[in-house]
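Coordinate inspection notes
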Amino acid sequence: FIKCSLSDVAPTLAGSTERTFDKCRDQHITTVTIPSMCPDNATLKNRAELLQSRFQIISNSLAPYESLIHNTSKQKKNSTVVVITNALCLNEKIISSSDITVTTHMSTSKVRRLSVLAARWNGPVSVSVKIVSIEDLYEFQFGLRDHFDKFEKVAFHVYFENKDLAYPYNILRNIAFDQVKSDYFANFDVDLFPSPMDTHQHLRSMFDKNPYLKTKLENRNVLILPAFETIVEVPDKNVTLNHPVYPETKEMSLKMIKHEQIQMFWNQWKPGHGSTNYDLWKSNSTDITYPIKVKRWGYEPYFIGTKKDIPRFYRYFRGFGVDKISFTTDLIYSGYSFEVLRDFFIFHVNHPKSSKKDKHAASDLNDFCIKGFMDYLVKEYAAGSLEKAKKLPYWNKWKTRYESTGGTWMI
């Protein structure tokens, strides 16, 4: 990529740009990053005034780029996006290095779900929000008003991009991750809620009583939270902090599993979470963590890790398919080990499904984009040697998946 000043692109604002090239989509991408200038909140009378003030600043910052970003014909080959980190200046409280910051991402329609995630976690959260228009921005502002009290520990990062581009899961994950101020982070999606309630406090207490867990994290281990999903769908408008379909404790979750009220997350895709070893978790017969081996390609757990030296998500996978699997591959190749937390879990509150047609289209394109990911793996983990790369775990799985698109893999 190329880093340059904003004077190289129009319009001009104080900040910086990064230019990258997406080989898979034959697309040049200019990312404009505008640093947030947080005001002295003491001069603002109330939260409503703060919210109004911040959104006016965000709108003024994004407005010069709106016509450029909405020019769909140009965006196909030369895409421009604008990023404003800590855009609402809400997470200004001192964050301890020992805190665990949830990193997540969302569209503007997910405010209610984020409010529940933030309240149940009750610790720092870093979230990237995709905005597709100034109108979308103001809908986001309107959605925040009813839940503003839940967000005092949340740092919001605005990502302004053309609405026709596939949802940039991994780009948003990286933005949220790069803004983490604590030494530790938890990787969640916004539709997944942690248990028990006040999860952050319970985890901090466990780490304080068992300092060897931090040592594990600092020595290339990640701690996995088993993921479940509710059988009953709950529309966004009905999502609340507590709900009859939520498993609030491990004891309750075991009963709900028995009565088929919850099940392993993404149950139709066993490789996705099967390596977590749910039978062992249910047995309560282990220490507070237990080690696992990734048994099959396709594992995509949610976990706690330390920020230092951990890989980033592969940015060129967009939309549905292999976005999290690629990160697990990075962890394995980087020498990480996996352990499961015995007394904690997360659960997905199922909602009406999005279009299978759209998901399949994004997945098919991501399969084609595997070529670039494999080139990256060869360079990063095999010193450019294809022969060395062939010996890496799950190499042939990635190769087969790519060749299913009709491509022939070669450096």
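Before any of the text, the structure's been laid out above.
Note that this is a predicted model, so its numbers are computed, not measured. (Residues numbered from 1 in each chain as written. Predicted model: local features only at pLDDT ≥ 70, side-chain atom pairs only at ≥ 80, totals over all residues. Heavy atoms only, no water.)

A look at the overall build of the chain
Helix and strand counts for the chain come out as 14 helices and 16 strands. Taken along its principal axes, the extent of the C-alpha atoms in the chain is 60 × 60 × 40 Å. Across the 411 residues that make up the chain, the buried fraction comes to 54%. Across the chain, every contact between residues at least 6 apart in sequence was considered, and the portion connecting residues at least 24 apart equals 78%. Within the structure as shown, the chain displays about 18,400 Å² of accessible surface, and the carbon and sulfur contribution to it stands at 53%. A distance of 3 Å separates the average location of the 55 positive side-chain charges in the chain from that of its 45 negative side-chain charges. (Helix = DSSP H or I, 4+ residues; strand = E, 2+ residues; numbered from the N terminus. Buried < 20%, exposed > 50% of the residue type's maximum accessible area, 1.4 Å probe, protein only. Contact = heavy atoms within 4.5 Å. Areas by Shrake-Rupley, 256 points an atom, 1.4 Å probe, with all protein chains shown as cover. Lys, Arg positive; Asp, Glu negative; His and termini not counted. Charge placed at Lys NZ, Arg CZ, Asp CG, Glu CD.)

Describing the packing of aromatic side chains
Going through the model one piece at a time under the given rule, you end up with 32 aromatic pairs. Each ring, one from Trp 281 and one from Phe 345, has its centre 5.8 Å from the other, and the planes form 75°; the classification is edge-to-face. Of the two residues, Trp 281 sits in helix α10 (residues 278-283) while Phe 345 sits in strand β16 (residues 345-348), which places them 64 residues apart along the sequence. The exposure class of Trp 281 is buried, given its relative accessible area of 0%. When the centroid spacing of 5.4 Å and the interplanar angle of 80° are considered together, the rings of Tyr 333 and Tyr 381 count as edge-to-face. Here Tyr 333 is found in helix α11 (residues 323-333), whereas its partner Tyr 381 is found in helix α12 (residues 356-381), with 48 residues between them in sequence. (Phe/Tyr/Trp six-rings, centres within 6.5 Å; stacked < 30°, edge-to-face > 60°.)

A look at the pattern of salt bridges
It is possible for side chains bearing opposite charge to pair when their charged atoms get close. For the structure shown, the criterion picks out 24 salt bridges. For the salt bridge of Asp 149 with Lys 150, the shortest nitrogen-to-oxygen distance reads 3.7 Å. Taking relative accessible area as the criterion, Asp 149 reaches 44% and is therefore assigned partly exposed. Where Lys 324 meets Asp 189, a salt bridge forms, and the shortest distance between an N and an O atom there is 3.8 Å. With a gap of 135 residues between them, Lys 324 in helix α11 and Asp 189 in the loop between β8 (184-187) and β9 (192-195) connect regions that are remote in the sequence. Its relative accessible area of 11% is what places Lys 324 among the buried residues. By relative accessible area, Asp 189 is classed as buried at 12%. Within this structure, Arg 173, Asp 189, Glu 300, Asp 323 and Lys 324 form a network of salt bridges that share partners. (Salt bridge = Lys/Arg side-chain N within 4 Å of Asp/Glu carboxyl O.)

Topic: the environment of Ser 385
In this structure, Ser 385 sits in the loop between α12 and α13 (386-389). The partly exposed category is assigned to Ser 385, whose relative accessible area is 22%.

Structural notes on the packing of helix α1 (residues 47-62) against helix α5 (residues 134-145)
How two helices pack is summed up by the angle between their axes together with the distance between the axes. Put simply, α1 and α5 touch, their axes get as near as 11 Å, and they point 165° apart. For the element pair α1 / α5, the angle class is roughly antiparallel. Taken as a pair, α1 and α5 cross one another with a handedness that is right-handed. Residue-level contacts link Leu 51, Gln 52, Phe 55, Gln 56, Ile 58, Ser 59 and Leu 62 of α1 to Ile 134, Leu 137, Tyr 138, Phe 140, Gln 141, Leu 144 and Arg 145 of α5. Along the lines of polarity and charge, the residues of the contact of α1 with α5 split into nine nonpolar, four polar and one charged. (Axes fitted to C-alpha atoms, helices over the stretch in contact; angles between N-to-C directions. Parallel < 35°, antiparallel > 145°, perpendicular 65-115°, else oblique. Left-handed = near helix turned anticlockwise from the far one by under 90°. Nonpolar A, V, L, I, M, F, W, Y, C, P; charged D, E, K, R; others polar.)

Focus on the sheet that holds β9
Read from one edge to the other, the open sheet built from four strands follows the order β9-β16-β11-β12, with strand pairing classed as mixed. Each of the sheet's edge strands pairs with one partner strand only, and the pair in question is β9 and β12 (262-264). Taken over all neighbouring pairs, the strand axes of this sheet differ in orientation by 35° on average, direction set aside. Alignment of β9 against β16, held across four bridges, turns out to be antiparallel. Residue Ser 195 lies in a different strand from β16, and its bridge partner there is Phe 345. (Pairing = 2+ DSSP bridges.)

Description of unusual backbone geometry
Pro 196 follows Ser 195 through a cis peptide bond whose omega is 0°. Looking at the secondary structure, you find Pro 196 in the loop between β9 and α7 (199-209). Phi is positive for Glu 260, close to 55°, though the residue is something other than glycine. For Val 322, which is not a glycine, the phi torsion comes out positive at approximately 60°. In this structure, Val 322 sits in the loop between β14 (302-306) and α11. Residue classification places Val 322 among the buried residues on the basis of a relative accessible area of 3%.

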